[in-house]
Amino acid sequence: MKQYNIILCVLLLAAVQAAAQQKQIEGRWQKFIKLEEYLQPFWKADTIHDEIVQIIKYGDRAEGTLLFDSRKVISVRSANLERTYKQGKDWTYGHSRIKLPARSKIPFLDKDSLTFTTEKPNWSMKGKTPGTFVLFNEGGYFRSMQIAITYVAEKPQNWTGPLPVFADKMLPGTLRKLKNKEPFKVVFYGNSIETGANSSGFQNEPPYMPSWPELIVYQLRQTYGQQVQFDNQSVGGMLAQWGADHAIQRVVPQKPDLVIIGFGMNDGTFNVSPETYRRNVEAIIDKVTATIPDAEFILIAPMLANPFATQSSIQELYKAELDKLTRTGIVVADITGVHEALLKRKSYQDMTGNNVNHPNDYLARWYAQFISGILINR
């Protein structure tokens, strides 16, 4: 009986912790969005909800491109979802592009405002080409300039980028515990992208979308139950070396069943060699499994930096190194490949929150949908 009471107390504590964490996820977003719609995989959904587009003016043309051809545009709104724009008056649609008539009220960025040769204090970062600068802002500026398009896609199945593979064989412990509704804890470990930087909820601005780690946890709980707990040990600005140096102090005490590791953006910025990057990520894994041998891992190949910014360097080389670490218990989420495929169709400004190296709500949803696809069979 005593042992039964201890188990009951542990389960009750887990339930209380899950409820407290759920409050972090739920909140003001409910007025603006439905997370079930936001978590429908873009590559499967017929209706694409709130795809973000940055209208850019090229000479006398101001336009932006949708990921898929549209059979019907349902709505065009400000990215904060507080304002609706009128077809014909504010926008027209044709050949996969949203175009602005002369007197449109939709904001836009001039192409020449994205890169320039005179530094703008607090509004620019050094460009990759010496003597150039890139428009930059960590606040809500880019969200204020972007629009959200809801439309019926012609053929979302035309997506040619990477797709997630359900990891029931590669992450057997994780999927067994989730399916059996056993107590389960996931730890996120990375840099500012993993903290949720530039997501609207992180910045406490409409539509208050939760960070992509929180979206994943929300989806896991909807699918497997409220026993799923999480902790985010990510810190902005850090490299994988920092992750290796601090794994014992930050990750191991959380006793994770699954660790989602997301370093790479800053490593690329500082030209950390692919081999060194791999060794540092491997060191994180080794330090965790030395104490928690059953822990499993998802390794995120990072999104890309703005190709005109100094932050853009060798991030695209890291995925191949992460692949060398894969085995039972370790899989790779190819966000690098996803971003590369998106950039063949959409502009970098459609998907960024700071125009340098952070995702906006739209690209953050790709993170959540892709990683959820590794953990949920759909």
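Peer 1: I'd love a proper account of the overall build of the protein chain, names of residues and values included.
Peer 2: Each helix and strand counted, the protein chain has twelve helices and 16 strands in total. Here the C-alpha coordinates of the protein chain stretch approximately 75 × 45 × 35 Å along the principal axes. Across the protein chain, contacts joining residues at least 24 apart in sequence account for 75% of those joining residues at least 6 apart. By element, 52% of the accessible surface of the protein chain is carried by carbon and sulfur atoms, the whole surface being about 16,500 Å². With 44 positive and 37 negative side-chain charges, the protein chain shows a spacing of 4 Å between the two charge centroids.

Peer 1: I'd love a proper account of empty space enclosed by the protein, names of residues and values included.
Peer 2: Tallying each qualifying case throughout the model produces two cavities of 30 Å³ or more. Taken as a whole, the largest cavity encloses approximately 80 Å³ of empty space. Ile52, Ala79, Gly139, Phe142, Arg143, Gln146, Asn198, Gln203, Thr352, Gly353, Asn360 and Asp361 together form the lining of the largest cavity. Across the lining of the largest cavity, the residue classes break down as three nonpolar, seven polar and two charged. Each pocket or cavity is described by its volume, and for the second largest cavity that value is around 50 Å³. Considering the residues around the second largest cavity, the lining is formed by Tyr38, Asp50, Ile52, Ala79, Leu81, Ala148, Pro207, Asp361, Tyr362 and Arg365. The set of elements that each furnish at least two residues to the lining of the second largest cavity consists of β1 (47-54) and α12 (361-375). Element by element, the count of residues in the lining of the second largest cavity is highest for α12, at three residues.

Peer 1: Just give me the short version of the nonpolar core, but keep the residues and values in it.
Peer 2: With 78 residues, the main nonpolar core has Trp212, Ile298 and Trp366 as its most contacted residues. Among the elements that take part in this core, α12 stands out by supplying ten residues, more than any other. Apart from the residues lying within four places of it in its own chain, the contact partners of Trp366 are Phe42, Trp43, Leu67, Trp159, Ile335, Val338 and Leu342. Formed by 29 residues, the second largest nonpolar core is a distinct cluster that contains Trp242, Ile292, Ala301 and Val332.

Peer 1: Explain the pattern of salt bridges residue by residue, including any values.
Peer 2: In the structure shown here, the tally under the stated rule is 13 salt bridges. Put simply, Glu321 and Arg278 hold a salt bridge, and the shortest N to O gap is 2.7 Å. With Glu321 in helix α10 (residues 318-323) and Arg278 in helix α9 (residues 274-291), the pair connects residues that are 43 residues apart, well separated along the chain. Note on accessibility: Glu321 and Arg278 belong to one class, buried. Of the charged contacts, one joins Lys346 and Asp350 as a salt bridge, the two residues approaching to 3.3 Å between their closest N and O atoms.

Peer 1: Talk me through helix α11 (residues 335-343); I want residue IDs and the actual numbers.
Peer 2: Burial within α11 is extensive, with seven of its nine residues counted as buried. Buried residues of α11: Ile335, Thr336, Gly337, Val338, His339, Ala341 and Leu342, and no others. Summarising the contacts, the buried residues of α11 are in contact with β15 (296-301), β16 (330-334) and α12.

Peer 1: Tell me about the pairing of strand β3 (residues 61-65), and name the residues and values.
Peer 2: In terms of burial, β3 is largely enclosed, as four of its five residues are buried. Note: strand β2 (residues 56-58) against β3, three bridges, orientation antiparallel. By the bridge assignment, Tyr58 is partnered in β3 with Arg61. Pairing geometry for β3 and strand β6 (residues 97-99), over three bridges, is antiparallel. Bridging from a neighbouring strand, Gly64 pairs with Ile98 of β6.

Peer 1: Can you tell me about the packing of helix α7 (residues 240-250) against α9, naming the residues and giving the values?
Peer 2: Remark: α7 packs on α9, axes separated minimally by 8 Å, with the N-to-C direction vectors making an angle of 15°. One way to sum up the angle between α7 and α9 is to call them roughly parallel. Considering only the axes of α7 and α9, their crossing is left-handed. When α7 is examined against α9, the residues Ala240, Gln241, Gly243, Ala244, Asp245, Ala247 and Ile248 are found in contact with a partner set consisting of Tyr277, Asn280, Val281, Ala283, Ile284 and Lys287. Each residue belonging to the contact of α7 with α9 can be placed in one class, and the counts come to eight nonpolar, three polar and two charged.

Peer 1: Talk me through the packing of aromatic side chains; I want residue IDs and the actual numbers.
Peer 2: For the structure shown, the criterion picks out 14 aromatic pairs. Across the ring face of Tyr38, the terminal group of Arg365 is positioned such that the distance to the ring centre comes to 3.9 Å.

Cut-off values and rules
- Residues numbered from 1 in each chain as written.
- Predicted model: local features only at pLDDT ≥ 70, side-chain atom pairs only at ≥ 80, totals over all residues.
- Heavy atoms only, no water.
- Helix = DSSP H or I, 4+ residues; strand = E, 2+ residues; numbered from the N terminus.
- Contact = heavy atoms within 4.5 Å.
- Areas by Shrake-Rupley, 256 points an atom, 1.4 Å probe, with all protein chains shown as cover.
- Lys, Arg positive; Asp, Glu negative; His and termini not counted.
- Charge placed at Lys NZ, Arg CZ, Asp CG, Glu CD.
- 1 Å grid on protein atoms, 1.4 Å probe; cavity = no way out; pocket = protein on both sides within 12 Å on 5 of 7 lines; lining within 4 Å.
- Points joined across faces, edges and corners; volume = space filled by probe spheres on them.
- Nonpolar A, V, L, I, M, F, W, Y, C, P; charged D, E, K, R; others polar.
- Core = buried A, V, L, I, M, F, W, Y, C linked by side-chain atoms within 4.5 Å.
- Buried < 20%, exposed > 50% of the residue type's maximum accessible area, 1.4 Å probe, protein only.
- Salt bridge = Lys/Arg side-chain N within 4 Å of Asp/Glu carboxyl O.
- Pairing = 2+ DSSP bridges.
- Axes fitted to C-alpha atoms, helices over the stretch in contact; angles between N-to-C directions.
- Parallel < 35°, antiparallel > 145°, perpendicular 65-115°, else oblique.
- Left-handed = near helix turned anticlockwise from the far one by under 90°.
- Phe/Tyr/Trp six-rings, centres within 6.5 Å; stacked < 30°, edge-to-face > 60°.
- Lys NZ or Arg CZ within 6 Å of the ring centre and 35° of its normal.

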